[in-house]
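Descriptive structure summary
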Amino acid sequence: MSPDNRPIGVFDSGMGGLTVLAELVRLLPGESFIYLGDTARVPYGSRSPRTIQRYSREVAGYLMQSGIKMLVIACNTASAHAKQELTESLPLPVIGVIEPGVNALLARTRNRRVGVIGTRSTIKSSAYENQIRRLNPSVSVFSKACPLFVPLVEEGWLDKKITSLVVQEYLSELVREEVDTIVLGCTHYPLLKKAIYGEFPLLQLVDSSVETAAEVKRELEKEKISSSGSPGSPPRIFLTDLTEQMRQLEKLFFGMPFQSVEEISIGEGNIQ
Ligand code: DGL
């Protein structure tokens, strides 16, 4: 079997998907990655399904032109609305964050009462709920949109009093329903783990970024498209808008500054 050294494309509505990219780089140091953050059009989480599908098509089209071997939809909102369409239309494996998160959720719950949190658009899509029910109809699912979590994380307010209050406000409803495990169905929420455990120490939290990286590894092996194993080059980062705030967010979400970042524009012309 000859190694496949083509890059893996990863996309998100903005910078949050870097939590997924960081896990991918950690787990698969021999692979090369291209990350595209649609920072000019973030957030996706408050938009209509039709708009999210169009944006996702355009972003995927851009990455396809870079000769990728696999597409990872690091954004929960785009996974909820566009994964099916992209899987059907693109001639390569497409991995979203929802299935890996749900598999881990179902493996961890003991009382079969689970919670799903995400953006308004993700929760409204019922994508997590549908996947949970498909795999295990006897599990009770309680979902909650937590729209204030994204701005709190982007402000860097990870351990402020106000963040604990917002966590209480959003999650006490799920805790009252006696859920024992919650899937963090948004790229930003893993950064709030400490704040959530601080309020609800007995909850189990599923981090989709970790689970998605493991799924990508399995899929590369299954499809026999792993790279040669020698260290890959640093991820190439493309953003559709560059602002000062991006420099702070790259450290917050990726843990280190990018070696380089390129600003690009995408649109209808990129659709394959
Ligand atoms: N990346 C989005 C998600 O995971 C959160 C930010 C947005 O709303 O675009 O759902």
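Above this text sits the structure in question.
In this text, all values refer to a predicted model and were calculated from it rather than measured experimentally. (Residues numbered from 1 in each chain as written. Predicted model: local features only at pLDDT ≥ 70, side-chain atom pairs only at ≥ 80, totals over all residues. Heavy atoms only, no water.)

Points about helix α8 (residues 161-176)
- With 16 residues, α8 should reach 22 Å at 1.5 Å per residue; the first-to-last C-alpha distance of 22 Å fits that figure.
- Bending of α8 peaks at approximately 40° at the position of tyrosine 170.
- Residues of α8 that are buried: Thr163, Ser164, Val166, Val167, Tyr170, Leu171, Ser172 and Leu174.
- Each element contacted by the buried residues of α8 is listed here: β5 (113-118), β6 (140-145), α7 (149-154), β7 (181-185) and α9 (193-199).
- The positive-phi residue at the C-terminal boundary of α8 is glutamate 178, with phi of around 65°. (Helix = DSSP H or I, 4+ residues; strand = E, 2+ residues; numbered from the N terminus. Expected span 1.5 Å × (residues − 1). Bend = angle between axes of the 7 residues up to and from the residue. Buried < 20%, exposed > 50% of the residue type's maximum accessible area, 1.4 Å probe, protein only. Contact = heavy atoms within 4.5 Å.)

What about the site of the ligand?
- Around the ligand sit 13 residues in total, of which Asp12, Ser13, Tyr44, Gly45 and Thr77 are the nearest.
- The backbone of glycine 45 places a nitrogen or oxygen atom 2.8 Å from an oxygen atom of the ligand.
- A distance of 3.0 Å separates an oxygen atom of the ligand from a polar atom in the backbone of asparagine 76.
- About the coverage of the ligand: the protein hides 98% of its 290 Å² of free accessible area.
- The residue inventory of the shell around the ligand, partitioned by class, reads 5 nonpolar, 7 polar and 1 charged. (Near = heavy atom within 4 Å. Polar contact = N/O pair within 3.5 Å; in protein donor to acceptor, adjacent residues only side chain to side chain. Areas by Shrake-Rupley, 256 points an atom, 1.4 Å probe, with all protein chains shown as cover. Nonpolar A, V, L, I, M, F, W, Y, C, P; charged D, E, K, R; others polar.)

Quick look at the packing of aromatic side chains
- Applying the stated criterion across every chain, the model contains 5 aromatic pairs.
- Ring geometry for tyrosine 44 versus tyrosine 55: centroids 5.3 Å apart, planes at 45°, classification tilted. One end of the pair, tyrosine 44, is in the loop between β2 (33-37) and α2 (49-64); the other, tyrosine 55, is in helix α2, with 11 residues separating them in the sequence. Neither residue differs from the other here; tyrosine 44 and tyrosine 55 are each classed as buried.
- Summarising the aromatic geometry, the rings of phenylalanine 149 and tyrosine 170 are spaced 5.1 Å apart at their centres and angled 80° between planes, so their arrangement reads as edge-to-face. Within this pair, whereas phenylalanine 149 is found in helix α7, its partner tyrosine 170 is found in helix α8, the two being separated by 21 residues in sequence.
- Every member of this aromatic cluster is reached through a ring pair, and the members are Phe149, Tyr170 and Tyr189.
- A cation sits over an aromatic face here: arginine 41 above tyrosine 55, 3.9 Å from the ring centre. (Phe/Tyr/Trp six-rings, centres within 6.5 Å; stacked < 30°, edge-to-face > 60°. Lys NZ or Arg CZ within 6 Å of the ring centre and 35° of its normal.)

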